Amino acid sequence: MKFTERLKTGKKVYSFEFYPPKTAEDTAKLFNTAVELMALSPDFVSVTNSSSGVAPYRTVALCGVLKAQFGLDVVAHLTCLAHTRAEIAEICSGLRKMDITNILALRGDPHNVAPDYRRRDYSHATQLIADLKKEGGFAIGGACYPEKHPEAATLDADIARLREKVEAGAEYLITQLFFDNDYYFRFLEKAAAAGVTAPVLPGLMPVTSYKQMQNFTTLMRVAIPDALRAGIERWDGDKDGMFKFSVDYASAQAEALLKGGAPGLHLYTLNRSRAAMAILKNVKGKP
Ligand code: FAD
């Protein structure tokens, strides 16, 4: 069953996110990771796409390999800020050739767009979603932000834009990572009240270092609960202690999300399998 259909049935959906590696060594590591994670039968894996506009085919190629060689259902991320409409149509044609019919449609981050690559055909993801809908044949997803997108004035304003995304053709949503489930459940309530009915898959990522935690707060503006901060400070510098703490924290978070009715989990893996495997093994099969 395709994961988009599974999402509609209420069965839990589990997925992993990868990014296209840049070196041969990293590519070999990623393929090892994919082999290990396949043992957990994910419903899909997704592959990120750089906002820069440079080398969009890295994503297309990796999607093709993961689908053809690993038999995985694949979602290709597609950012639009750096592309013309003609380039987007060409990328879609490449995805079709690889038999990839799932796209997570994104705007991308303006500060990451390479100089001379800002083509100005798109300013928001909704425009891309509308174009993909016109292209036809793709199951389209979109991004959402339980703590609001950093550029949005308020969560309500962000959710009003999100509704436009869903009306344009986004069939499901995947959240920005978050560490406090209250934000997710509050977001769901507000989104439903605003008429956003698409399933919202929570994005989870175990924190692996103090520095990474600081990046989450400064770049993504996500809140770090006191218990998480205390644990990260306690275990920083102790690799095994940190691993256990962060997997336990993410597993408890995941269990509470699933119990609370989340349609599944999307795990940000950073191309590594150990933490993602441990978390999924801890939660899969539990109600
Ligand atoms: P949009 O939906 O366009 O929203 C961006 C902001 O604009 C929001 O504040 C929104 O409220 C506002 N807005 C929307 N429409 C309008 C409008 N018509 N007028 C005025 N304001 C509007 N980045 C990558 O580079 N590559 C990836 O592969 C990638 N994958 C991601 C996966 C997930 C699950 C998530 C949550 C994010 C991902 N990102 C990725 C990051 C994403 O590109 C950034 O967060 C980006 O800043 C916003 O993208 P968006 O698609 O949510 O944008």
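First, a word on scope: everything that follows refers to the structure included in this document. For every chain, the first residue of the written sequence is number 1, and numbering continues from 1 onward in sequence order. With pLDDT at 70 or above as the cut-off, local features in this predicted model cover only qualifying residues; side-chain atom pairs require 80 or more to be listed or tallied, and sums for whole chains, interfaces and linings still use all residues. In computing side-chain properties, one takes all heavy atoms of the structure into account and sets aside hydrogens as well as water.

### Things to note about the sheet that holds strand 9 (residues 264-268)
Turning to step 1, where the next piece is worked out: A sheet is described by the order of its strands in space; here nine strands give the open sequence 7-6-5-4-3-2-1-9-8, paired in parallel fashion. Each edge of the open sheet carries a strand with a single partner, namely strand 7 (200-201) and strand 8 (203-204).
Turning to step 2, where the next piece is worked out: Note: strand 6 (residues 172-175) against strand 7, two bridges, orientation parallel. Across the sheet, residue L173 finds its bridge partner in strand 7, namely V200. Each pair of strands is called paired provided DSSP finds at least two bridges between the two strands. Secondary structure elements are taken from DSSP: a helix is a run of H or I of four residues or more, a strand is a run of E of two residues or more, and numbering for both begins at the N terminus.

### A short note on the layout of surface pockets
Turning to step 1, where the next piece is worked out: The rule is simple: put a 1 Å grid over the protein atoms alone, call a set of points where a 1.4 Å probe fits but cannot get out a cavity, call an open set with protein on both sides within 12 Å along at least five of seven lines a pocket, and count a residue as lining if it has an atom within 4 Å of a point. Grid points are joined across faces, edges and corners, and a volume is the space filled by probe spheres set on the points. Empty space within the second largest pocket amounts to approximately 400 Å³.
Turning to step 2, where the next piece is worked out: Listed by contribution, the elements that provide at least two residues to the lining of the second largest pocket are helix 10 (239-259) and helix 11 (274-283).
Turning to step 3, where the next piece is worked out: Three residue categories are used. Nonpolar comprises Ala, Val, Leu, Ile, Met, Phe, Trp, Tyr, Cys and Pro, charged comprises Asp, Glu, Lys and Arg, and polar comprises the others, including Gly. Among the residues forming the lining of the second largest pocket, the class breakdown is nine nonpolar, six polar and six charged.

### Examining the packing of helix 10 against helix 11
Turning to step 1, where the next piece is worked out: Throughout, an axis means a line fitted to C-alpha atoms (over the contacting stretch in the case of helices), and angles, computed between N-to-C directions, take values from 0 to 180 degrees. Taken N-terminus to C-terminus, the directions of helix 10 and helix 11 make an angle of 40 degrees; their axes are 9 Å apart at the nearest point. The orientation of helix 10 relative to helix 11 falls into the category oblique. Crossing of helix 10 over helix 11 shows right-handed handedness. For the pair helix 10 and helix 11, contact is made by F243, V247, A250, S251, A254, E255 and L258 and by R274, A275, A278, I279, N282 and V283, respectively.
Turning to step 2, where the next piece is worked out: Residues of the contact of helix 10 with helix 11, tallied by class, amount to nine nonpolar, two polar and two charged. Reported orientations rely on four angle classes, namely roughly parallel under 35 degrees, roughly antiparallel over 145, roughly perpendicular from 65 to 115, and oblique for the rest. Left-handed is the label given to a crossing in which the near helix is rotated counterclockwise from the far helix by less than a right angle, and right-handed is the label when the rotation is clockwise. Contact definition: two residues touch when any of their heavy atoms are within 4.5 Å.

### What about the site of the ligand?
Turning to step 1, where the next piece is worked out: Of all residues adjacent to the ligand, which total 24 residues, the nearest are N49, S51, D109, Y145 and D158.
Turning to step 2, where the next piece is worked out: Any pair of nitrogen or oxygen atoms within 3.5 Å is treated as a polar contact; in protein, a donor-acceptor pairing is required on top of that, and neighbouring residues in sequence qualify only through side-chain atoms on both sides. Contacts to the ligand include G108, whose backbone N or O atom sits 3.1 Å from an oxygen atom.
Turning to step 3, where the next piece is worked out: Separating an oxygen atom of the ligand from a side-chain N or O atom of H124 is a distance of 3.3 Å.
Turning to step 4, where the next piece is worked out: Every accessible area reported is derived by Shrake-Rupley at a probe size of 1.4 Å, with residue values counting cover from the shown protein chains alone. Protein chains shield 85% of the accessible area of the ligand, which is 970 Å² for the free molecule. For this description, a residue counts as near a given molecule or strand if any of its non-hydrogen atoms is within 4 Å of it.

### Observations concerning helix 9 (residues 226-235)
Turning to step 1, where the next piece is worked out: When we look at burial in helix 9, the residues that qualify are L228, G231 and I232. Take helix 9 and look down its axis: the buried residues cluster within an arc of 100 degrees, on one side only. Structural note: helix 9 exposes D226 and R234 on the side pointing more than 90 degrees away from its buried face.
Turning to step 2, where the next piece is worked out: Looking at the packing, one finds that the buried side of helix 9 touches helix 8 (210-220) and helix 10. Three exposure classes are used, based on accessible area relative to the maximum for each residue type with a 1.4 Å probe and protein chains only: buried under 20%, partly exposed in between, and exposed over 50%. Read the arc as the range of directions from the helix axis to the C-beta atoms.

### Brief notes about the environment of P199
Turning to step 1, where the next piece is worked out: Positionally, P199 belongs in the loop between helix 7 (181-193) and strand 7.
Turning to step 2, where the next piece is worked out: For P199, a relative accessible area of 25% puts it in the partly exposed group.
Turning to step 3, where the next piece is worked out: Along the sequence, P199 and E255 sit 56 residues apart, while their C-alpha atoms lie 18 Å from each other.
Turning to step 4, where the next piece is worked out: Each residue touching P199, except ones within four places of it in the same chain, is listed here: L7, E171, Y172, L173 and P263.

### What to know about the packing of aromatic side chains
Turning to step 1, where the next piece is worked out: Pairing of aromatic rings covers Phe, Tyr and the six-membered ring of Trp, with a centre-to-centre limit of 6.5 Å; geometry is then stacked below 30 degrees between planes, edge-to-face above 60, and tilted otherwise. For the structure shown, the criterion picks out seven aromatic pairs.
Turning to step 2, where the next piece is worked out: Residues F3 and Y172 carry aromatic rings whose centres are separated by 5.3 Å and whose planes lie at 85 degrees to one another, so their mutual orientation is edge-to-face. Linking F3 in helix 1 (residues 3-9) with Y172 in strand 6, this pair joins segments that are 169 residues apart in sequence.
Turning to step 3, where the next piece is worked out: Taking relative accessible area as the criterion, F3 reaches 1% and is therefore assigned buried.
Turning to step 4, where the next piece is worked out: Take Y172: its relative accessible area is 1%, and that puts it in the buried class.
Turning to step 5, where the next piece is worked out: Relative to F185, the ring of Y184 lies with its centre 5.2 Å away and its plane at 75 degrees, an arrangement referred to as edge-to-face.
Turning to step 6, where the next piece is worked out: Residue Y184 is classed as buried on the basis of its relative accessible area of 0%.
Turning to step 7, where the next piece is worked out: An aromatic cluster is defined as three or more aromatic residues linked by ring pairs; in this entry it consists of F3, F44 and Y172.

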